[in-house]
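Here is how the chains run, residue by residue.
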Amino acid sequence: METQLVLEKWPGSISVVTIGAKTAEGGSRSQTVQIGGQTALPLMFKEGVMPNRPKIAFEIWDIAPVDFEQELMTAYGRAINDPFTWAQVCVDEFKADLICLKMQGTHPDFGDRSPQEAAKFVSKFLNQIKVPLIITGSGDNAKDNLVLPACSEAAKGERCLIGSAVQDNYKTLVASVLADGHSIIAESPIDINIAKQLNILISDMGLSLERIVIDPTIGALGYGLEYAYSIMERARLAALSGDKTLACPFICFVGQEAWRVKEAKADGRQGIAWETLTATSLIQSGADILVMRHPKAAENVLWYTDGLFRGQ
Amino acid sequence: MLIIGELINGMYANIALALKERDKKVIQSCALEQVACGADALDISCGPASKNPLIDLPWLVEVVGEVTDKPLCLDSSKPQVIAEGLKAAKNPTIINSTTADIEKLQILLPLAKQYKSKLIGIAIDSKGIPQNKDQRLELAARILEQAGQSGFALEDLYLDPIVMPVNVAQNQIRDILETIAEFKMISSPHGKTVIGLSNISQGAKNRSLINRTFLTMAVASGLDSAILDPKDKELMDTLITAELILNKNIYCDSYLEAYRKR
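Let us look at the structure shown here. (Residues numbered from 1 in each chain as written. Chains lettered and ligands numbered in written order. Predicted model: local features only at pLDDT ≥ 70, side-chain atom pairs only at ≥ 80, totals over all residues. Heavy atoms only, no water.)

## Let's talk about the pattern of salt bridges
Working step 1: Inspection of the entire model under this criterion finds 26 salt bridges over all chains.
Working step 2: Arg29(A) serves as the salt-bridge partner of Glu158(A), at 3.1 Å between the closest nitrogen and oxygen. Of this pair, Glu158(A) sits in the loop between helix H4 (141-154) and strand S6 (161-165) while Arg29(A) sits in the loop between strand S1 (16-19) and strand S2 (33-36), and the two are 129 residues apart along the sequence. Grouping residues by exposure puts Glu158(A) and Arg29(A) together as buried.
Working step 3: With a shortest N-O distance of 2.6 Å, Asp306(A) and Arg53(A) are connected by a salt bridge. Residue Asp306(A) is found in helix H11 (residues 295-309), and its partner Arg53(A) is found in the loop between S2 and strand S3 (55-61); the two are separated by 253 residues along the sequence.
Working step 4: Judged by its relative accessible area of 36%, Asp306(A) falls in the partly exposed class.
Working step 5: Put simply, Lys133(B), Glu178(B) and Glu182(B) are held in one network by salt bridges that share partners. (Salt bridge = Lys/Arg side-chain N within 4 Å of Asp/Glu carboxyl O. Helix = DSSP H or I, 4+ residues; strand = E, 2+ residues; numbered from the N terminus. Buried < 20%, exposed > 50% of the residue type's maximum accessible area, 1.4 Å probe, protein only.)

## Let's talk about the packing of helix H6 (residues 133-149) of chain B against helix H7 (residues 173-186) of chain B
All names here are of chain B.
Working step 1: As a packed pair, H6 and H7 sit with axes 10 Å apart at the nearest point and diverge in direction by 35 degrees. Crossing handedness for the pair H6 and H7: right-handed. Residues Lys133, Arg136, Leu137, Ala140, Ala141 and Leu144 of H6 form the contact with H7, whose own contacting residues are Asp175, Ile176, Glu178, Thr179, Glu182, Phe183 and Ile186.
Working step 2: Residues that form the contact of H6 with H7 fall into these classes: seven nonpolar, one polar and five charged. (Axes fitted to C-alpha atoms, helices over the stretch in contact; angles between N-to-C directions. Left-handed = near helix turned anticlockwise from the far one by under 90°. Contact = heavy atoms within 4.5 Å. Nonpolar A, V, L, I, M, F, W, Y, C, P; charged D, E, K, R; others polar.)

## Topic: the environment of Glu257(B)
Working step 1: On the secondary structure map, Glu257(B) appears in helix H10 (residues 255-260).
Working step 2: For the pair Glu257(B) and Leu197(B), spaced 60 residues apart in sequence, the C-alpha to C-alpha distance is 24 Å.
Working step 3: Excluding its chain neighbours within four sequence positions, the residues that come into contact with Glu257(B) are Ile200(A) and Asp204(A).

## Concerning unusual backbone geometry
Working step 1: Cis geometry marks the peptide bond from Gly163(A) to Ser164(A); its omega dihedral reads 5 degrees.
Working step 2: Summarising the element assignment, Ser164(A) is placed in strand S6.
Working step 3: With an omega dihedral of 0 degrees, the bond running from Ser188(B) to Pro189(B) counts as a cis peptide bond.
Working step 4: Among the structural elements, Pro189(B) can be located in the loop between H7 and strand S7 (192-196).
Working step 5: In this model, Asp112(A) sits at a positive phi of 50 degrees, which is unusual for a non-glycine residue.
Working step 6: Structurally, the position occupied by Asp112(A) is in the loop between strand S4 (98-102) and helix H3 (115-128).
Working step 7: Since its relative accessible area comes to 41%, Asp112(A) is described here as partly exposed.

Written out as structure tokens, the structure reads:
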């Protein structure tokens, strides 16, 4: 007797988040990027649809990076010393769909740029780089609360993805994102209960759940990847079962985690492999945006994704 | 858990009066309030006061259907009344109910199939209310057997162990809880389970407390659905918490709000 495959039918679906707005939509982007929309677990094409492939966002800093590995510096050459050239190389040479701009230069320990300077920088960046934009703070809560509203306002109407909101610091960012028409990254420390709670807190302020992207916080291969994997899987199972408070796409900051580990630091080629494998594993647990650093790793992931989606 | 709101019932004075005076507003606001409080479906009964249920039930069904798409649970012991309700309904329907009597099953099972309706089968027959677990299981088995024979999808069948008031049949309550779990062992695929919750506290004091305590125990026994008062907030909070503890939903500090945001 032929064995029959048991197929799940899920009542829920993941929301679709659009990043970027073209001229007709009030922005100035050359294209828009959509993520989410799945009606089944990752890559289970027989059980539902996965209308949007996972996207790679190239991580760019607003200053020349200070602690990047030599392998990364070499990959971009002199371009990495100027954020605009660096981003342009990502778009022209590496065909980036998305840029993730980290405002590291506003951190008190990395130059302490003012919110006004940051806003000016974002305006100039938007003028020169035309792909949809993700903007993240420097990670200093107090400073981010001043910098990110200024950046949000400077990018008003461009439908950026801005982050990150955390459980004890979300109100300022939510208010800005709401006023300026962006979407938000909600970050939780590998904790599904906090991820859910934060989404509720954000939506209580009037920003709809459809404008939230979850950063579940990930660890690189060998450094907690499986914890992130299982949290993402559990959130997806709940979302597909009908829990709207967890039905948001995921963003995973792969590059920063992969290049932090000693295996990547020891050998550049190993670093590329580490970043590639961390990203491809997370695609299987439902990652929608992979923020990556090395262009070769990004190319590997793109090739891998093409294979997964062949025939779809 | 499928929550069936019980408040549109002619045994309540406000509904009986609205039914008599054909006051749509009262019925419709009762429907919407229950939905707002978390009802997934609405029980519709014209109650014992109705002189002409063949006309009254379809009227209630139409009036409620004007304001909500939620499934309607057509509540009558008379198959002709159910048939008239099914004809009038635009909403999905649940027939409430058939007993384990063969002649009743032979009318209601084909009717449920014809209207793609779900069906509640009560573990009771013309001989009366069962007195122990074995009798309840036997009656449920008869309903399952008839449903299976007629090609009715068993996952659309809700078995009711028939809840007795705690002040009438205290010695039976443990049996009833065990029956809820064991109904699912009779067949594969198995039927679902439902109770009319308020029966447990009929004629007792502290009704709300008794209701929510029993509901927690029933949910832990695997209950799939209950006919209850969704406007009893403490009851609903208890239900949400019981389901949370059973890992049906993911915990967060605002889990009550999260459930209501679904």
